[in-house]
Amino acid sequence: MADALHTSEARIVAASRVQDMVFAVLGITVLLMAMAVLATLVADLMSDGLARIDQQFLTSFPSRRPESAGILSAWVGTTLIMLVTAFLAIPLGVGAGIYLEEYAPKHWMTDVIEINVSNLAGVPSIIYGLLALGFFVYGLGMGQTILVGGMVLALLILPIVIVATREAVRSVPSGLRESAYGVGCNRWQVVWRYVLPAARPGILTGAIVGLSRAIGETAPIITIGALTFIAFLPPSPIQATAPFVNFDWLNSPFTVMPIQMFNWISRPQAGFHVNAAATGLLLLLMTLVMNGFAIFLRYHLRRSLRS
Amino acid sequence: MLTAPEGPHVLRAEVKSLKFWYGKFQALHGVNMPIWDRQVTAIIGPSGCGKSTLLRCFNRIHDLYPGIRYEGEVNLAPEGVNLVDRQIDPIMVRLLVGMVFQKPNPFPKSIFENVAAGLYVRGIKNRSELEGRVETALRQAALWDEVKDRLPKPAYELSGGQQQRLCIARALAPQPKLLLLDEPTSALDPIATARIEELIDELVKDVTIVIVTHNMAQAARISHQTAFMHLGSLVEFGDTGTIFTNPQAAQTQDYVTGRFG
């Protein structure tokens, strides 16, 4: 038998089996610990808040009485803010990332920009809130509106989107670029037709990670002075008469789900705490849906790239 | 063309009714062939014929990918180990069988550490033993004179041909029972290719070599035995001289004369 003939090899194989086993056990333990923490959190939120989620909760404005309060203005606010944030941060971030990676000359200026963009990703979010309060709200006199909320969150996640875009663009094999330049493409054609489609899954992941971060942000929104009690909805973006869309909602005051949660948690009545837990669950659900959508898109993009 | 060494052939390995599947696709349909000790066995055939698939069975590199299945045997003689037996750990197989790939793939480490990689894995820590075996392997790979003064330098500083010889040295250092070469010169220029071919001539005095090649002239130049494969089956196996000048199968004839493939 082999093991008798190759005792030294057999010893190495046995040792490597032990090594692999140790690492596998370690890995599973760590994974289970992480999952357990998450599961505990979710289970706790669910036991507190799941029963509170019903149609009344989703379609009511905040109220003095916990049982008749709802999160209508908060989820509408969050959705609209996310729209503004995505609309601003994704094109700007992707554009900047592509420029830095494909167009910008490589010298000390771009190095400085690169380091600073990475640093911006680590700036505490309340600093962005202060910037927005001083510049957008007072400096430009824009007030505490959905537009400003979306803008500050867009600023906040811009570095995340830029860094993700750069990474994704950089990981496109240089052979693809060479073959595109080889058939006579100019830089824009290379980027638009070949590099960007190949980088799309990575860019998308970065964008979703950024938006998932933005959806839970409270500090900058509080800093710019978002209201915590709103009993009306912003004007509808769609209307019956021409031109059928309007952008008045951008200038409307707003609240968002994390602020609503924060507000409820600081109340003494237990009923509001239940409301806060229910809001937390819904916020988690929204993030989950966003991530699920990203996974779905990525899967489809990968498939279409291969064919 | 090399003439086989005098005397009876000694078996170093034997492939017996080897079948192989990638998922549902059967890539090998019962291959039988001997690998003679200290001879060069070349596997030739058109793209997609299964020659690389066959070679990669010898060190179970296939096992890195999901959904693969072996049936049959690749017996190492005289040890009598069936390399594709599920009971045999693939790590064990790779400790016994060395491989060099199509593109030079040195590790992003120093020249010395590249050659010593397989020795570290085998638990050799003694500095002087390591140095001795690295030198031996580099000499065997005809690279020693070019790199002896810069062993601590990154392997990426070497040229493509040197990198490939470094990979050969890396595979040789642990003294494998078999050395597998998967189109080792397809990424190299003719001069680097010629050096590798000379090297194979030298090496085969000590180690058994199985080589996959697209280049029929190369197979004719450097191998003692040639296996011609087509559509996952072994069409013909024999002395390289016979395969190239007097093949038995019409398919082999067409292929080696350049009429198809």
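What counts as what
Residues numbered from 1 in each chain as written. Chains lettered and ligands numbered in written order. Predicted model: local features only at pLDDT ≥ 70, side-chain atom pairs only at ≥ 80, totals over all residues. Heavy atoms only, no water. Domains from an automatic or database assignment. Contact = heavy atoms within 4.5 Å. Buried area = accessible area lost by both parts, 1.4 Å probe. Salt bridge = Lys/Arg side-chain N within 4 Å of Asp/Glu carboxyl O. Polar contact = N/O pair within 3.5 Å; in protein donor to acceptor, adjacent residues only side chain to side chain. Nonpolar A, V, L, I, M, F, W, Y, C, P; charged D, E, K, R; others polar. Pairing = 2+ DSSP bridges. Helix = DSSP H or I, 4+ residues; strand = E, 2+ residues; numbered from the N terminus. Axes fitted to C-alpha atoms, helices over the stretch in contact; angles between N-to-C directions. Buried < 20%, exposed > 50% of the residue type's maximum accessible area, 1.4 Å probe, protein only.

1. Quick word on the domain arrangement of chain A
Residues and elements named next belong to chain A.
Okay, so step 1: For chain A, the assigned domains read domain 1 (2-50) and domain 2 (53-306).
Okay, so step 2: The C-alpha centroid of domain 2 is placed 36 Å from the C-alpha centroid of domain 1.
Okay, so step 3: Listed by partner, the interface residues are six residues for domain 1 and seven residues for domain 2.
Okay, so step 4: Of the roughly 540 Å² buried where domain 1 meets domain 2, counting both sides, 77% is carbon and sulfur surface.
Okay, so step 5: Looking only at domain 1, the three residues that lose the most surface to domain 2 are Leu45, Gly49 and Leu50, adding up to 70% of its buried area.
Okay, so step 6: Taken together, the links from domain 1 to domain 2 amount to zero salt bridges.
Okay, so step 7: Here domain 1 is connected to domain 2 by one residue pair in polar contact (both at pLDDT 80 or more).
Okay, so step 8: Of the residues that constitute the side of domain 1 that touches domain 2, the class distribution is four nonpolar, one polar and one charged.

2. Notes on the sheet that holds strand S6 (residues 97-100) of chain B
The strands making up a sheet associate through backbone hydrogen bonding, with each pair oriented either parallel or antiparallel.
Residues and elements named next belong to chain B.
Okay, so step 1: Pairing within the open sheet is mixed, and its six strands lie in the order S6-S7-S8-S3-S9-S10. Only two strands of the sheet have a single partner each, and these edge strands are S6 and strand S10 (233-239). Neighbouring strand axes in the sheet, compared pairwise and without regard to direction, differ in orientation by 20° on average.
Okay, so step 2: Against the sheet, helix H6 (residues 160-172) contacts S6 and strand S7 (178-182), and its axis sits at roughly 175° relative to S6.
Okay, so step 3: Strands in contact with helix H7 (residues 190-203) are strand S3 (40-44), S7 and strand S8 (208-212); relative to S8, the strand with the most contacts, it is inclined by about 150°.

3. A short note on the sheet that holds strand S2 (residues 25-36) of chain B
All names here are of chain B.
Okay, so step 1: Spatial strand order, S2-S1-S4-S5: four strands in an open sheet with antiparallel pairing. Since the sheet does not close on itself, it has two edges, and those belong to S2 and strand S5 (81-82), each with one partner.
Okay, so step 2: For strand S4 (residues 68-76) and S5, the ladder comprises two bridges, and the chain directions are antiparallel. For Asn75, the partnering residue across the bridge sits in S5 and is Asn82.

4. Focus on the pattern of salt bridges
Okay, so step 1: Applying the stated criterion across every chain yields a total of 22 salt bridges over all chains.
Okay, so step 2: Taking the shortest distance from any N to any O, the salt bridge between Glu102(A) and Arg177(A) comes out at 2.8 Å. Of this pair, Glu102(A) sits in helix H4 (residues 72-103) while Arg177(A) sits in helix H8 (residues 174-182), and the two are 75 residues apart along the sequence.
Okay, so step 3: A relative accessible area of 16% places Arg177(A) in the buried class.
Okay, so step 4: The salt bridge partner of Glu202(B) is Lys205(B), with a shortest N-O separation of 3.2 Å.
Okay, so step 5: Here Glu202(B) falls in the partly exposed class, since its relative accessible area comes to 46%.
Okay, so step 6: Taking relative accessible area as the criterion, Lys205(B) reaches 52% and is therefore assigned exposed.
Okay, so step 7: Among the charged side chains, a network of salt bridges with common partners joins Glu101(A), Glu114(A), Arg166(A), Glu167(A) and Arg170(A).

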